[in-house]
Amino acid sequence: MVEISFAFFDEDAKKEIRRAILKGIALPGYIVPFASREMPLARGWGTGGLQISLSIITEADTIKVIDQGCDASVNAVNIREFIVATTDVRATSTTGEASIIQTRHRVPETALTEEQVLVFQVPTPDVLTVVEPDTDKQKKMHAHLEYSKLWVLLYEDTASFGDSRIASRYPVEVNDHFIMDPSPIPRYDIPRLNDNPALMLFGAGREKRIYAIPPYTKVKPIVFDDRSFQMEDFTGKSCMRCGAENVFFDTLKKDGEVQYYCSDSDFCDQTLESRKSHAS
Amino acid sequence: MIMQTSPSSSYRLRVSKLSKSFTLHNRGAIEIEAFSDVSFCIDPGELLALTGPSGAGKSSVLKTIYRTYKPGSGQVLLQRGGQLVDLAACSDSEMLEYRRADIGFVTQFLKILPRVSAVDVVAAPLVALGRGLENARAEAVDLLRRLYIREDLFSLSPLTFSGGEQQRVNIARGVIAPKKLLLLDEPTASLDDKSAAMVLEILNNLKQQGICILAIFHDRQRMEQIADNEFNIMEYNS
Amino acid sequence: MLLEIENLSKVYGKSCGQCIALTGDDMGTAICPVCGAVVAVNRINLRVEDNEVLGIVGESGSGKSTLLQLIYRDTKTTEGKMFFREMQGEDGEPVDIAGLNMMETVLMRNTMMAMIYQNPRLGLNFLFSGGGNIAEKVIAAGQRNYEDIRKSACYFFEKTDLPVSRIDQSPETFSGGQQQRIQIAKALAASPRLLLLDEPTTGLDVSVQAQILDMIRVLQKELSFSMIVVSHDLGVIRHLTDITVVMRNGSIVEQGLTDQVLEDPQHVYTQLLVSSVL
């Protein structure tokens, strides 16, 4: 029987990925190519995030994996069990207890700390793809901070719809320099990227790219000077399950009525828990 | 024999030993002489008539001074401020500037952009000088009226006008913002007596303003009414 | 002096080192007899003054379009210098734009020089709306205020006689003549000192051609910029330009005031060209 090394990868593979991560941290928002490995998981299912998680994890870590805010989705469960199986680290669903949180499409509701790393799964790493399909040109445009075309999209949406139509993956300027794809998180989560105490790492397995936002980095969505950044508005709404307000909700249509539930399942559980203990 | 009509030193234009010939490369490089050794002076306020039989090269002299034809040899000296410039030797860019500021040329044919109204065609030189559009148009209307152009034609493109009307629009455009030197190629050719008399009156006016004019007339009688001097290109060439 | 070109050459393909000397109109060919490289532009010297309109005529392959591409930095210079007054070095002197890096080129194209291509697909981004194409220039020049950008886009749409009601539609939905107008609107949004036009009306209906040429002429006078117009159509050259340059085999064979070149052509080739007009 073949011994599987800690965290699946051999040390050389981890070294190569860590190198890319370090470069990404050194150049906030800069897209670093890396040798994305074949994983026992199909590309497009979080292999970028998984490779980052596996290359930074140690025995002392506690892992949490969420998909759209939920720890119990099949994809999140698979990834979490794979990490646990190859590392034997402790797994948790509680945001506050985790040292590494791998996520798809959400930033947790619970505020993160300096002790934590948030690992994003990224489908399309380059924010310029939508306006310039040629990767060679994309690189040059980043080098020259030539982002006019992104602003043109914003202009066109504003002209036709009064605001950008981008619901998720809203382009952000990192550290007053590069413009970056924040992965498909909702607009609601964009302000959470700014000045966050946690290290944020982004991995795109299929596209073989890694980038990063170091702790306490300035991150701001691109917005015209005479416009303000608009987010999903849940004013007056509360969670059908736990009653929480001022969080990002999943919406559900039932009998022609729209119902709201916390997107972050851990946050929902905890709110419910504290309600119960207050009640008892 | 040189027809030094006015031997004054205060001339505005002095043409000296100007010659022009054409080389037709596609016809075995034959050379055709247009005119040779032409010399004359024109003073401010003087109208010099260029005369001679048709084919003698009168129009060619005007075109060579204006540089539509490339001068062969000789000089075309123009007094410009305190400066004497040789139109036969200056650069293309300089010539463009002199044309813009100093030399007007009214040819026999109206060459204008289509789809521009008669008033705007005539007003254009004033607008180019920075005169307001309304002002310029008012002056253009005045001048067109004086030249007996029918009011209902003002807003139409002159390209739809009769030959005589086109001629008058052409003259109006050429004299509305008169430059120091005016070259006229048969300004009264297709005009009736009434219009021709008005053109001569306008030219007289220009002379009084000190404009110097070199003109070709097809009609000797009209020429004699207005010309101060005459330069006969054939007599001189023979 | 807005633009001064000194000894400019462009060799396509690997040069044997003697190409430029062995080609040109004197040699009767643009193809190097030693190595077969194409010398599209051969030791050209040219000056453009403020508000001057320069025309370049010549047959296909004479190098006229390549010359424009060299000035616009669409293609790399092989030899020679180009001084563009608006691009200045730290000493305030014009720099040789043949040596600009990509960022400087982008700056030049966004704020001082613009190009109108024969094919609107080269000059316009068809993924963007008509207004978006104009907005791109305004944004690139540093504008980040939506209302101001919108106003500029509308302004240049109106200036080029385009229907503002259709400003948010793709260039795809506009006619060929209107696409050319959008290109011109976009170019004007860069507030150019020098506008380069490569066969701007070739392929359009005659009536549309005339309207667009009229418009270019009016805008050039009103907004005061210089132009270099490349065309094989002497009608376009007569209509638009003050000075005309005739090219053959990568060389300038004749240069003069446009009316002079057309009425009193000097060079054997120009005479042939002028006498060939239908």
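What counts, and where the lines are drawn
Residues numbered from 1 in each chain as written. Chains lettered and ligands numbered in written order. Predicted model: local features only at pLDDT ≥ 70, side-chain atom pairs only at ≥ 80, totals over all residues. Heavy atoms only, no water. Contact = heavy atoms within 4.5 Å. Buried area = accessible area lost by both parts, 1.4 Å probe. Salt bridge = Lys/Arg side-chain N within 4 Å of Asp/Glu carboxyl O. Helix = DSSP H or I, 4+ residues; strand = E, 2+ residues; numbered from the N terminus. Nonpolar A, V, L, I, M, F, W, Y, C, P; charged D, E, K, R; others polar. Axes fitted to C-alpha atoms, helices over the stretch in contact; angles between N-to-C directions. Parallel < 35°, antiparallel > 145°, perpendicular 65-115°, else oblique. Left-handed = near helix turned anticlockwise from the far one by under 90°. Phe/Tyr/Trp six-rings, centres within 6.5 Å; stacked < 30°, edge-to-face > 60°. Buried < 20%, exposed > 50% of the residue type's maximum accessible area, 1.4 Å probe, protein only. Lys NZ or Arg CZ within 6 Å of the ring centre and 35° of its normal. Domains from an automatic or database assignment.

So, on to the interface of chain C and chain B. In this assembly, 22 residues from chain C lie in contact with 21 residues from chain B. Taken over both partners, the interface formed by chain C and chain B buries close to 1,700 Å², and the fraction arising from carbon and sulfur atoms is 49%. Considering only the side of chain C, the residues that lose the most area to chain B are C:Leu257, C:Glu263 and C:Asp264, jointly responsible for 32% of the buried surface there. Our count for the chain C to chain B interface comes out at three salt bridges. Across the pair C:Asp259 and B:Arg99 runs a salt bridge, and its minimum N-O distance is 2.9 Å. Of all the secondary structure elements, the ones that give two or more residues to the side of chain C that touches chain B are helix H8 (206–223), strand E10 (251–257), helix H10 (258–263) and helix H11 (268–275) of chain C. Of the residues belonging to the side of chain C that touches chain B, the class tally is five nonpolar, nine polar and eight charged.

On to the packing of helix H5 (residues 130–140) of chain C against helix H6 (residues 146–159) of chain C, then. Packed helices, taken two at a time, are described by the angle their axes make and the gap between the axes. Residues and elements named next belong to chain C. Interaxial distance between H5 and H6 falls to 9 Å at its minimum, and their mutual angle equals 120°. As the angle between them shows, H5 and H6 are arranged oblique. Between H5 and H6 the crossing geometry is right-handed. Only Ile-149, Ser-152, Ala-153, Phe-156 and Phe-157 of H6 make contact with H5, whose side of the interface consists of Gly-130, Gly-131, Ile-134, Ala-135, Val-138 and Ile-139.

All right, on to the packing of aromatic side chains then. Under the defined criterion, the tally for this structure stands at 20 aromatic pairs over all chains. Both rings, one in B:Phe22 and one in B:Tyr69, keep their centres 5.0 Å apart while their planes meet at 90°; by these two values the pair is edge-to-face. Taken as a pair, B:Phe22 in strand E1 (residues 13–24) and B:Tyr69 in the loop between helix H1 (58–65) and strand E4 (73–80) lie far apart in primary sequence, 47 residues in all. Both residues of the pair, B:Phe22 and B:Tyr69, count as buried. Measuring from centroid to centroid gives 5.1 Å for B:Phe40 and B:Phe231, while their planes differ by 55°, and the two rings are tilted. Within this pair, whereas B:Phe40 is found in strand E2 (residues 30–42), its partner B:Phe231 is found in strand E9 (residues 229–232), the two being separated by 191 residues in sequence. In terms of burial, B:Phe40 and B:Phe231 fall into one category: buried. One cation-aromatic arrangement involves B:Arg99 over B:Tyr66; the distance from NZ or CZ to the ring centre is 4.2 Å. The ring of C:Phe174 carries the charged tip of C:Arg166 above its face, separated from the ring centre by 4.1 Å.

Turning our eyes to something else, we now look at the domain arrangement of chain A. Residues and elements named next belong to chain A. According to the domain assignment, chain A consists of domain 1 (11–130 + 167–221) and domain 2 (233–280). Put simply, the middle of domain 1 and the middle of domain 2, counted by C-alpha atoms, are 26 Å apart. Taken residue by residue, the interface counts 14 residues in domain 1 and ten residues in domain 2. Per-residue buried area on domain 1 facing domain 2 is highest for Arg-106, Glu-109 and Tyr-188; these three make up 48% of the total on that side. One can count zero salt bridges joining domain 1 with domain 2. Grouping the amino acids of the side of domain 1 that touches domain 2 by side-chain chemistry returns four nonpolar, six polar and four charged.

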